[in-house]
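Each chain, letter by letter, is given below.
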Amino acid sequence: MTNETSENSKRIEFSPIFIQKLEKAPAEVKIAFRQALEVFFEEPNHIALRNHMLTEKYAGIHSIDVTDDWRALYREEPERIIFVELGIHKDLYT
């Protein structure tokens, strides 16, 4: 997955762990992530993404919905957004 630029002109990057997990994810999750990323480019706070800040061990990280159970986690920096983790809800938060 290559670096891309979002509507808000921040670079979008993907950590090696994120890429690994995306490559191992089921095909429907890969498709759903691509669709969620397209929405994210246009409107990062679109209601369908349920974009929200996390706390505790993920303090400073945001989460967006990929499917009902899969989440993509990202960190926002001044000039870039880095997707850092991908997984199902129970694996990420327990």
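The following refers to the structure shown. (Residues numbered from 1 in each chain as written. Predicted model: local features only at pLDDT ≥ 70, side-chain atom pairs only at ≥ 80, totals over all residues. Heavy atoms only, no water.)

1. Things to note about unusual backbone geometry
Peptide bonds are, in most cases, trans, and in most cases residues other than glycine have a negative phi. Unlike most non-glycine residues, arginine 50 shows phi in positive territory, near 50 degrees. Here arginine 50 lies in the loop between helix H2 (27-42) and strand E3 (52-53). Unusually for a residue other than glycine, glutamate 56 sits at a positive phi of about 55 degrees. With respect to the helices, strands and loops of the structure, glutamate 56 is situated in the loop between E3 and strand E4 (62-65). By relative accessible area, which is 73% here, glutamate 56 ends up exposed. (Helix = DSSP H or I, 4+ residues; strand = E, 2+ residues; numbered from the N terminus. Buried < 20%, exposed > 50% of the residue type's maximum accessible area, 1.4 Å probe, protein only.)

2. With respect to the packing of aromatic side chains
To describe a pair of aromatic rings, one takes the distance between the centres and the angle between the planes. Within the structure shown, the criterion is met by 10 aromatic pairs. Through successive ring pairs, a cluster of aromatic residues spans Phe14, Phe18, Phe33, Phe40, Tyr74 and Phe83. (Phe/Tyr/Trp six-rings, centres within 6.5 Å; stacked < 30°, edge-to-face > 60°.)

3. Here we look at the environment of lysine 90
Counting through the fold element by element, lysine 90 comes out in helix H3 (residues 89-93). On the accessibility criterion, lysine 90 (54% relative accessible area) is exposed. For the pair lysine 90 and tyrosine 74, spaced 16 residues apart in sequence, the C-alpha separation works out to 17 Å.

4. Section: the pattern of salt bridges
One pass over the structure, following the stated rule, counts 9 salt bridges. Residue arginine 80 is joined to glutamate 13 by a salt bridge in which the shortest nitrogen-to-oxygen separation is 2.7 Å. Note that arginine 80 is positioned in strand E6 (residues 80-88) and glutamate 13 in strand E2 (residues 11-14), a separation of 67 residues in sequence. The partly exposed category is assigned to arginine 80, whose relative accessible area is 26%. We note a salt bridge from arginine 50 to aspartate 65, for which the minimum N-O separation is 3.2 Å. Taken together, the positions of arginine 50 in the loop between H2 and E3 and aspartate 65 in strand E4 put the pair 15 residues apart, joining distant regions of the chain. Salt bridges sharing common partners tie together Arg11, Glu13, Arg75, Glu77 and Arg80. (Salt bridge = Lys/Arg side-chain N within 4 Å of Asp/Glu carboxyl O.)

5. Thoughts on the nonpolar core
As a rule of thumb, soluble globular proteins bury nonpolar side chains together. By size, the foremost hydrophobic cluster in this structure holds 22 residues, and its most contacted members are Phe33, Phe40 and Phe83. Of all the secondary structure elements, the ones that give two or more residues to this core are E2, helix H1 (16-24), H2, strand E5 (70-76) and E6. If one sorts the elements of this core by residue count, H2 sits on top with 7 residues. If you look at the next biggest cluster of nonpolar residues, it comprises 7 residues, including Ile61, Leu73, Ile82 and Val84. (Core = buried A, V, L, I, M, F, W, Y, C linked by side-chain atoms within 4.5 Å.)

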